[in-house]
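Structural features, examined
Spelled out from the first residue to the last, the chains are:
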Amino acid sequence: MTKCKFFLLLILLAPFPIMAAEAHVHGVATLQLALDDSLLHLNLSSPLDSLLGFEHQPRTEKQKAAVRHMADQLHQAERLFQPTMAARCTLKTYSLESPVLQTGKHKEHEHEGHEHADLDAEFVFYCAKPNELRDLEVNLFTYFPGLLRLKTEAATPRGQSAAMLTPSKRRIAW
Ligand SMILES: [Zn+2]
């Protein structure tokens, strides 16, 4: 209870809301990193607004181009995420999930109005020397200027850690 009240107080006092990882806050995204043997899993969850500037289905050509551009940037995960060079990690698989990336018929009504929408992505790297993995450079801020903060959580054999990345602090180390 005390902890709960303390947290509430923090929220009231903070100039920006401090939220749980699940919260949808424009300008903020979360990244969860997990190292499992040789596989480095990165799970990115972001309000579409942080990556795209809007959250409804694209209607104009400009908006459709913006969605394609976002997807193109996310396809180049080796540019966005740079694990420790010595660990020799290469991208193995990735998946992107978002209402604006669905093909076929949209249930347009569901996305109209003031509803929020997210993008969830998973990137899996294979690391030839996982023991050498000590840090990750995150370049999302370069390609997505609408992203202002990235909450990160890392779980590796060395333990768990959390950090807040910003355009001037882009590296997680563990
Ligand atoms: Zn939103």
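Residues numbered from 1 in each chain as written. Predicted model: local features only at pLDDT ≥ 70, side-chain atom pairs only at ≥ 80, totals over all residues. Heavy atoms only, no water.

A few words now on the overall build of the protein chain. A tally of helices and strands in the protein chain yields six helices and nine strands. The buried share of the protein chain, taken over its 174 residues, is 36%. Across the protein chain, contacts joining residues at least 24 apart in sequence account for 68% of those joining residues at least 6 apart. Summed over its atoms, the accessible surface of the protein chain is roughly 10500 Å², and 56% of this surface lies on carbon and sulfur atoms. (Helix = DSSP H or I, 4+ residues; strand = E, 2+ residues; numbered from the N terminus. Buried < 20%, exposed > 50% of the residue type's maximum accessible area, 1.4 Å probe, protein only. Contact = heavy atoms within 4.5 Å. Areas by Shrake-Rupley, 256 points an atom, 1.4 Å probe, with all protein chains shown as cover.)

A separate point is the coordination of the zinc ion. Within the protein, the zinc ion binds to His24 (NE2), His26 (NE2), Glu55 (OE), Glu55 (OE) and His116 (ND1); these donor distances fall in the range 1.8 to 2.7 Å. Within one chain, the residues serving as donors to the zinc ion are arranged as H-x1-H-x28-E-x60-H. In this pair, His24 sits in the loop between helix H1 (2-13) and strand S1 (28-36) while Glu55 sits in the loop between helix H2 (48-52) and helix H3 (61-75), placing the two residues 31 residues apart along the sequence. In this structure His24 comes out as partly exposed when scored by relative accessible area, which is 27%. (Donors = N, O, S within 2.8 Å, 3.2 Å for Na, K, Ca; no water.)

It is worth spelling out the sheet that holds strand S6 (residues 135-138) at this point. Read from one edge to the other, the open sheet built from three strands follows the order S3-S6-S9, with strand pairing classed as antiparallel. At either end of the open sheet lies a strand with only one pairing partner, and these are strand S3 (81-83) and strand S9 (171-173). Between one strand and the next, the sheet's axes are offset by a mean angle of 15°, whatever the strand orientation. As paired elements, S6 and S9 share three bridges and run antiparallel to each other. Bridge pairing in S9 links Glu137 to Arg171. (Pairing = 2+ DSSP bridges. Axes fitted to C-alpha atoms, helices over the stretch in contact; angles between N-to-C directions.)

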